[in-house]
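Listed below, chain by chain, are the residues.
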Amino acid sequence: SKMFAELTGYRPSEATLLASLQTLHHTLAEAEDTIRTALHQQPVVHADETGCRIEDKTEWMHVVSDTKWTLLGVHPNRGSKGMDALGFLSSYTGAVVHDCLPAYFKNHYSFSHVLCNAHLLRECQGIMEHDGHQWAQHMKELLQESWALVKRYAQDQQPLPEDVIKEIQAWYDEILEQGSREWSTAVSHFPYAKGRVKKSKAANLGERFKVHKDAILRFIWDASIPFDNNQAERDLRMVKVKQKVSGTFRTQAGAQRFARLRSVISSLLKQEKHILTSLSQA
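Description of the structure in this document. Computed from a predicted model, the values in this text were never measured in an experiment.

The next thing to look at is a nonpolar patch on the surface. A contiguous nonpolar patch, built from Met3, Phe4 and Leu7 and spanning about 340 Å² of accessible area, is present on the exposed surface. Taking the relative accessible area as the measure of exposure, Phe4 reaches 40% and is therefore partly exposed.

On to helix 11 (residues 252–270), then. With 19 residues, helix 11 should reach 27 Å at 1.5 Å per residue; the first-to-last C-alpha distance of 27 Å fits that figure. Helix 11 sits mainly inside the fold: 14 of its 19 residues count as buried. Looking one or two places after helix 11, you find Glu272, whose phi comes out positive at around 55°.

Here His98 shows up in strand 4 (residues 95–98). What makes His98 buried here is its relative accessible area of 0%. Here the side chain of His98 touches Cys100 through a polar contact of 3.0 Å, landing on its backbone nitrogen. There is a polar contact of 2.9 Å between the side chain of His98 and the side chain of His113. Here His98 is in contact with Ala47, Tyr104, Phe105, His113, Val114, Leu115, Cys116 and Asn229, once residues within four sequence places are set aside.

Attention shifts here to the nonpolar core. One finds Trp135, Met139, Leu142, Leu143, Tyr172, Phe209 and Ile220 to be the most contacted residues of the largest nonpolar core, which totals 35 residues. Listed by contribution, the elements that provide at least two residues to this core are strand 4, strand 5 (112–115), helix 5 (117–131), helix 6 (134–155), helix 7 (162–183), helix 8 (201–211) and helix 9 (213–217). Examining the composition of this core, we find that 7 residues originate from one element, helix 7, more than from any other. Residue contacts for Phe209: discarding those within four places in its chain leaves Leu120, Cys124, Trp135, Met139, Leu143, Tyr172, Leu176 and Ile216. Among the nonpolar cores identified, the runner-up in size contains 25 residues, and Ala38, Val64, Leu268 and Leu279 belong to it.

Read from one edge to the other, the open sheet built from 5 strands follows the order 3-2-1-4-5, with strand pairing classed as mixed. Edge positions in the sheet fall to strand 3 (70–75) and strand 5, since each has one partner strand and no second. The average undirected angle you get between the axes of adjacent strands in this sheet is 30°. Pairing of strand 4 with strand 5, which is carried by 4 bridges, proceeds in the parallel orientation. Looking at strand 5, one finds that His98 is bridged to Leu115. Relative to strand 3, helix 11 is tilted by about 170°, and along the sheet it contacts strand 1 (44–54), strand 2 (57–65) and strand 3.

Procedures and definitions
- Residues numbered from 1 in each chain as written.
- Predicted model: local features only at pLDDT ≥ 70, side-chain atom pairs only at ≥ 80, totals over all residues.
- Heavy atoms only, no water.
- Patch = residues over 30% accessible without salt bridge, like charges linked within 9 Å, V, L, I, M, F, W, Y side chains within 5 Å.
- Areas by Shrake-Rupley, 256 points an atom, 1.4 Å probe, with all protein chains shown as cover.
- Salt bridge = Lys/Arg side-chain N within 4 Å of Asp/Glu carboxyl O.
- Buried < 20%, exposed > 50% of the residue type's maximum accessible area, 1.4 Å probe, protein only.
- Helix = DSSP H or I, 4+ residues; strand = E, 2+ residues; numbered from the N terminus.
- Expected span 1.5 Å × (residues − 1).
- Polar contact = N/O pair within 3.5 Å; in protein donor to acceptor, adjacent residues only side chain to side chain.
- Contact = heavy atoms within 4.5 Å.
- Core = buried A, V, L, I, M, F, W, Y, C linked by side-chain atoms within 4.5 Å.
- Pairing = 2+ DSSP bridges.
- Axes fitted to C-alpha atoms, helices over the stretch in contact; angles between N-to-C directions.

Shown next, in the form of C-alpha cells:
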C-alpha cells in the first residue's frame, strides 16, 4: 500500500489488496499445476520443510524443488500428512534429496532416497567435538574428499573410476567398523531404569550411516545426484525472511496465498523471467 502511494499518489485499502491477492491466488492455480507437472518429470528433486507461525500456532511450510522449479505448500503436520497434501511425493518415482526425517521412509512412497551430506557433516562435527570420536572425523574426511574427487572428474566430464568407487566403499565400511567399537563404549546407561538402554547420539548416527549407505554415497557413482540439500533450504529461506519482517501469518488463507505466489515467483526467478510481466499476463 505504501509502495503504491509513493509511486502513484494513491493508497489502495487493505481490502482492495487482499481481494487482488485472492484473485491472483485463484488465477495462479494453473501455474502451480504446471510447476507440479514439471517437477514430476525431473529425475532428481529436493524436499524439505520449515516451521512457520500461523494464527499463533506452529505449522509447516513444505517444499519440493530443483534448479528450475519451486513448489511450496503449508500444512499443520510436518510428517507424511503434510508431504502428501502438497500432492507430489506420493506419486513421484525419481530420487528425492532430503535430511533423513523418518516420514520420508513411509511405505506408501516409491521414490528412491538421497541423504543430505551437509547435515551428516555437521552431525559428525558435533560428535567430534562432544565425544572426541575418531570415526566421526574419518567419516567427515571421507565425504569431503569423495565429493572433491567427484567434482575433479566432472570437470573432464568423466565419472569416478570403478576401482576408486570400491575403495571409497571399503573405506566407508572400515570407518564404521572402527566406530562401532568407539560408540559401544559411549552408550547412555541408566542403572535404575527399566527396559531398553538408550543409545548415544554417536551410536544413532553410526547406525544411520550403516542403514543408509547407498543413499549417502550415491553421489559417487551417479552424476545426477547432488552432495547436499542446499537447493531446498534456499527455496525455504524467503519463508524465514517473511517471518522476520512481518511476524506470523494472521490467517491460514494468507499463508496459502503466500505459498502459491512464492512458488510461482521463485520459479520465474530461476528461469530468469520478468516477474511483473508474467504476473500481469497471468
